[in-house]
Amino acid sequence: MSFFTFAWDWVTQAANWHGPGSIPHQVLAHLGYSGLSLLVAALIAIPLGIAIGHTGRGAVFVVNLANAWRAIPTLGLLILLAVLLGFSFVTWLVPLVVLAIPPILVNTYEGVAGVDRGVKDAALGAGMTGWQQVTRVEVPIAMPLILVGLRTAAIFMVATATIAAYIGLGGLGRYIVDGLASDQYGPVAGGALLVIILAVAVLALFAGLSRLIIPAGLRRQGRSE
Amino acid sequence: MAVDALDLEVPAGKTMVLVGPSGCGKTTTLRMINRLVEPTEGRVLLDGRDVRQSNPAQLRRGIGYVIQQTGLFPHRTVQDNIATVPLLDGWPRKKARARARDLLALVGLDPALAPRYPYQLSGGQQQRVGVARALAADPPVLLMDEPFSAVDPLIRASLQDELVRLQTELRKTVVLVTHDIEEAIKVGDLVALYRPDGRLAQVDAPQRLLGMPVDSYVSDFVGFDRGIRLLSFFRATGLNLRAEPIVGSDSTVAKALGAARDAGQPWILVTDSDGKPRGWLPAERLAPLADDTPLGTVPAEEFGHTFTVETDSLRAALDAALLSPAGQAIGVDSAGRVAGLLSYDQLRAAVQAAEATTKDAAGDAEQQPRSLRA
C-alpha cells in the first residue's frame, strides 16, 4: 500500500475523529503551538528588523543570522532544553521561536532597508519624523517582504511543531511519534498528511492576507524605483 | 569637504540655480538649507533666522523639496502623495485631497489622475506630481535637486517651461540644482556657478554669465556658443525691418522685379491677400516670364520660419534668417502678417548693439531684498 492509502484510510477512520487525542483536537493543539511560536517570533523579529533596516545599525548581524539559519538544530535545542528545564512551556516554545525569527527578521530588514533611496529622502525632506518615516512609508513599502517572511516562518512552524510530541505534548506530531514507536504506519502517514494539508492551508491564508494588506500601488509593480 | 567658504544670498521670490560639475557641492549646499546636511561651520539663514534654531521636521514642512528620482511614495495614490505635507500638518483628509487636485491642475496634469498610483504615470507626469507635492502646503521656499535630469530632453524642456510659468504665478524663492548650464540659463533669475573645488566662480544673472564671464573657467563652462545663447535675452522689437522687396500674390512679375531691383535684393517675398507670407521667389526665375504674369501662378520656395517682432528674441530672428532660403528673416506681427524683412548684416549690427548693453542691463537683478542666505 502506498503512503496515501495508508494515510487516507487512517484519516478517514471515524474513530479517529472523536474523543481525547482525536484529529480535531490534535489539529487545534498543533495550530496553537505554531501560532503562538509565530506570534512570539513576529513580536521580536518585526520591530528588530524595522529598527535595523531603518537605522542601518546591526545589518551585519542580520546577514550572518540569515546564513546561520539553516544550521539551527531545532530538535537538538529541544532536547537540550528538556534536559535543562524539564517538560515546560518554554521547552517547546523556544526552539520554535528561534527557528521562526530569522526568516521574519531577514525579510523585514531587507524590506525596510531596501526602500528606494529617493523615497526615503523624500520622506525625510517632506518633514516626517523618524516614526512617521517608519510607519507611513518604510513599513507599508516593506509589507510584501514582511509577509513573505511571516509566511516562510509559518510554514516552518506548522512543519516543525511536530517536535512538541517528543516531550510528551500533543499536536500532529503525537501520531507520528507514537506510530513510529508502535510500528503502526497508519498514524505516521496520516499525521504527516495532515501536516502537509495544514501547510497548504497556511499558504492559502497568506495569499489572501497579501491581497488585504499589501497596498494596491505595490501589488502590480513589485518594487518601485 | 564638499562646500568651502560659501557666501550666497538668494533673493526672495527669485529662482537661484546652483550649477557646476558633479561633486562640486551644489547638492550639499541645497541640502544644508533644509538640514538634510549640517554644515560643520557657518550658518544658513532663512528669512534672517538660523535654520538650526528650528526643529528639522518642522523646518522641512515649510520648505518644498523636489528630487531627481521623484521619490514618490509607491504605496500612495497621486493625491495622497501630493497631500503628504498637509496631512503631516494635520489637515483633514478631505481638504488635503481637494488641495491635491487643485495642484494637479496647477502643474498641468489632469485631476482625474488623482486616484492613480505612481507606477501608472509616465516619468514626466511623475516629476510634475513631485513638484505638486512640494507645493502642497504653499511653502515660500522650494528646493529642487536635479528635478528634470531623469526625464527625456523633450519632456525636460516642457517641464522647464512649466517651472518658468509657475514662477511668474507663484513667485517662490527657488533654489534649483542642476549640472546643465542650458537649464540654469533657461530657468534661473540668478545662476551660481561652482568650481570643482566647491567654491563659487560667479553668481550672476544668466545674461551676465553669458556676456561677462569672470574668467576662462566660466566661459568654458557656459560654452563656445554663449554668444548665440545670449541673444535669447534680447527682444526683436527694436530691429529696423526692411519693407522691400515684398509684393502681394495678386501683383505681377514686372512689379516684383522692379521691387527687387530697387532694394538690390535677389529674393522677393510674396504675400497672400491677408498680408501673410506665401513664399520666396528668386528674381532670376521671374526674369524670363512675361511682365504681366500674375505672381500667384509662379511656384514659390517655402518661406520656412518667421519670428514675431513683438514677442520673439534676437535668437529667434537669427534662427529665422539661417533657415530661410533667401537668407532673410521674415518678421511678422501677432496676427502672422508680414511686418518686414531682416538681413544678416542688420542682425549682426543688432547683436553687437545688444552685447554692448549687456554690461548695464544685467545689473538690476542683484538689487533684491534678501531672504535666504546660504
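Residues numbered from 1 in each chain as written. Chains lettered and ligands numbered in written order. Predicted model: local features only at pLDDT ≥ 70, side-chain atom pairs only at ≥ 80, totals over all residues. Heavy atoms only, no water.

A closer look at the overall build of chain B
Line of reasoning, step 1. When helices and strands are counted, chain B shows 15 helices and 16 strands.
Line of reasoning, step 2. Burial status across chain B gives 52% buried among its 374 residues.
Line of reasoning, step 3. In chain B, the proportion of contacts linking residues at least 24 apart, taken out of those at least 6 apart, comes to 64%.
Line of reasoning, step 4. If you sum the accessible surface of chain B, you get close to 16,500 Å²; carbon and sulfur atoms cover 49% of it.
Line of reasoning, step 5. Here chain B contributes 42 positive and 46 negative side-chain charges, whose respective centroids are spaced 9 Å apart. (Helix = DSSP H or I, 4+ residues; strand = E, 2+ residues; numbered from the N terminus. Buried < 20%, exposed > 50% of the residue type's maximum accessible area, 1.4 Å probe, protein only. Contact = heavy atoms within 4.5 Å. Areas by Shrake-Rupley, 256 points an atom, 1.4 Å probe, with all protein chains shown as cover. Lys, Arg positive; Asp, Glu negative; His and termini not counted. Charge placed at Lys NZ, Arg CZ, Asp CG, Glu CD.)

Observations regarding the sheet that holds strand E9 (residues 200-204) of chain B
All names here are of chain B.
Line of reasoning, step 1. Reading across from one edge, E5-E6-E7-E2-E8-E9 is the order of the six strands in this open sheet, with mixed pairing throughout. The two strands at the open ends of the sheet, each matched to only one other strand, are strand E5 (63-67) and E9. Neighbour to neighbour, the strand axes of the sheet diverge by 15° on average, direction disregarded.
Line of reasoning, step 2. Alignment of strand E2 (residues 15-19) against strand E7 (residues 173-178), held across five bridges, turns out to be parallel. Counted as the bridge partner of valine 19 is threonine 178 from E7. (Pairing = 2+ DSSP bridges. Axes fitted to C-alpha atoms, helices over the stretch in contact; angles between N-to-C directions.)

Regarding the interface of chain A and chain B
Line of reasoning, step 1. Counting residues at the interface gives 24 residues for chain A and 23 residues for chain B.
Line of reasoning, step 2. Buried area between chain A and chain B, both sides added, is near 2,000 Å², and the carbon and sulfur share of it is 62%.
Line of reasoning, step 3. If you sort the residues of chain A by the area they bury against chain B, Asp121(A), Gly125(A) and Arg136(A) come out on top, with a joint share of 22%.
Line of reasoning, step 4. Counting the contacts that link chain A with chain B gives one salt bridge. (Buried area = accessible area lost by both parts, 1.4 Å probe. Salt bridge = Lys/Arg side-chain N within 4 Å of Asp/Glu carboxyl O.)

Digging into the sheet that holds strand E12 (residues 277-282) of chain B
Residue and element names in this part refer to chain B.
Line of reasoning, step 1. In space, the three strands of this open sheet follow the order E10-E11-E12, with mixed pairing throughout. Only two strands of the sheet have a single neighbouring strand rather than two, namely strand E10 (246-248) and E12. Taken pair by pair, the neighbouring strands of this sheet meet at an average axis angle of 30°, ignoring direction.
Line of reasoning, step 2. Sheet topology note: the E10/strand E11 (residues 267-271) ladder contains three bridges and is parallel. Bridging from a neighbouring strand, isoleucine 246 pairs with leucine 269 of E11.

A short note on the pattern of salt bridges
All names here are of chain B.
Line of reasoning, step 1. Counted under the stated rule, the structure contains 16 salt bridges over all chains.
Line of reasoning, step 2. Close ionic contact of glutamate 38 with arginine 35 constitutes a salt bridge, the shortest N to O distance being 2.9 Å.
Line of reasoning, step 3. The exposure class assigned to arginine 35 is buried, which follows from its relative accessible area of 14%.
Line of reasoning, step 4. Overlapping salt bridges bring together Arg128, Glu162, Arg165 and Glu169 as one network.

So, unusual backbone geometry
Line of reasoning, step 1. Even without glycine at this site, Asp138(B) takes up a positive phi of about 55°.
Line of reasoning, step 2. Relative to the assigned elements, Asp138(B) resides in the loop between helix H6 (123-135) and strand E6 (141-145).

Here we look at the domain arrangement of chain B
All names here are of chain B.
Line of reasoning, step 1. Assigned domains within chain B: domain 1 (9-234 + 365-373) and domain 2 (246-353).
Line of reasoning, step 2. Its C-alpha centre places domain 1 at a distance of 43 Å from the equivalent point of domain 2.
Line of reasoning, step 3. The partner domain 2 presents six residues to the five residues of domain 1 that form the contact.
Line of reasoning, step 4. Between domain 1 and domain 2, a total of about 530 Å² is buried, with carbon and sulfur atoms accounting for 71% of that surface.
Line of reasoning, step 5. The interface formed by domain 1 and domain 2 holds one residue pair in polar contact (both at pLDDT 80 or more) in total. (Domains from an automatic or database assignment. Polar contact = N/O pair within 3.5 Å; in protein donor to acceptor, adjacent residues only side chain to side chain.)

With respect to H6(B)
Line of reasoning, step 1. For H6(B), with 13 residues, the first-to-last C-alpha span of 19 Å sits near the 18 Å given by 1.5 Å per residue.
Line of reasoning, step 2. With respect to burial, H6(B) is a largely interior element, 11 of its 13 residues being buried. (Expected span 1.5 Å × (residues − 1).)

Describing the confidence of the model for chain B
All names here are of chain B.
Line of reasoning, step 1. Residues with a pLDDT of 70 or more make up 93% of chain B, whose mean pLDDT is 83.
Line of reasoning, step 2. Averaged pLDDT values over the elements of chain B bottom out at 40 in strand E16 (residues 370-373) and peak at 95 in helix H3 (residues 78-82).
Line of reasoning, step 3. Low confidence marks residues 361-374, where pLDDT is under 50. Its contacts with residues over four positions away, or in another chain, come to 41 contacts. (pLDDT = per-residue confidence, 0-100.)

Describing the side chain of Ser34(A)
Line of reasoning, step 1. By secondary structure assignment, the location of Ser34(A) is in helix H2 (residues 23-55).
Line of reasoning, step 2. Contacts of Ser34(A), omitting those with residues within four sequence positions, involve Met157(A), Val158(A) and Ala161(A).

Focus on the nonpolar core
Line of reasoning, step 1. In terms of nonpolar packing, the biggest core is built from 60 residues, with Ile82(B), Val129(B), Met144(B), Leu176(B), Leu239(B), Phe307(B) and Leu314(B) touching the most fellow members.
Line of reasoning, step 2. A domain split of this core shows at least three residues from each of domain 1 (9-234 + 365-373) and domain 2 (246-353) of chain B.
Line of reasoning, step 3. Beyond its immediate chain neighbours, meaning those up to four positions away, Leu176(B) contacts Met16(B), Val17(B), Leu18(B), Met144(B), Pro147(B), Phe148(B), Leu163(B), Glu183(B) and Val187(B).
Line of reasoning, step 4. With 56 residues, the next largest nonpolar core counts Ile46(A), Leu150(A), Val202(A) and Ile214(A) among its residues. (Core = buried A, V, L, I, M, F, W, Y, C linked by side-chain atoms within 4.5 Å.)

Observations concerning the packing of helix H3 (residues 59-68) of chain A against helix H5 (residues 89-113) of chain A
Residues and elements named next belong to chain A.
Line of reasoning, step 1. Between H3 and H5, the shortest axis-to-axis distance is 10 Å and the interhelical angle comes to 135°. Our classification of the angle between H3 and H5 gives oblique. For the crossing formed where H3 meets H5, the hand is left-handed. Contacts between H3 and H5 involve Ala59, Phe61, Val62, Leu65 and Ala66 from the first element and Pro102, Leu105, Val106 and Tyr109 from the second.
Line of reasoning, step 2. When the residues that make up the contact of H3 with H5 are grouped by side-chain class, the tally is nine nonpolar, no polar and no charged. (Parallel < 35°, antiparallel > 145°, perpendicular 65-115°, else oblique. Left-handed = near helix turned anticlockwise from the far one by under 90°. Nonpolar A, V, L, I, M, F, W, Y, C, P; charged D, E, K, R; others polar.)

Thoughts on a nonpolar patch on the surface
All names here are of chain A.
Line of reasoning, step 1. On the surface, a cluster of nonpolar side chains totalling about 500 Å² of accessible area is made up of Leu80, Leu84, Leu85, Phe89 and Val90.
Line of reasoning, step 2. At the level of secondary structure, the elements contributing two or more residues to the nonpolar patch comprise helix H4 (74-85) and H5.
Line of reasoning, step 3. For the nonpolar patch, the element with the highest residue contribution is H4, accounting for three residues.
Line of reasoning, step 4. For leucine 80, the location among the structural elements is in helix H4.
Line of reasoning, step 5. The class for leucine 80 is partly exposed, based on a relative accessible area of 49%. (Patch = residues over 30% accessible without salt bridge, like charges linked within 9 Å, V, L, I, M, F, W, Y side chains within 5 Å.)

Some points on the confidence of the model for chain A
Line of reasoning, step 1. Chain-level pLDDT for chain A is 87 on average; 97% of the residues reach the 70-or-more range.
Line of reasoning, step 2. Taken element by element, chain A is modelled with least confidence in helix H10 (residues 216-219) of chain A, mean pLDDT 81, and with most confidence in helix H7 (residues 130-160) of chain A, mean pLDDT 94.

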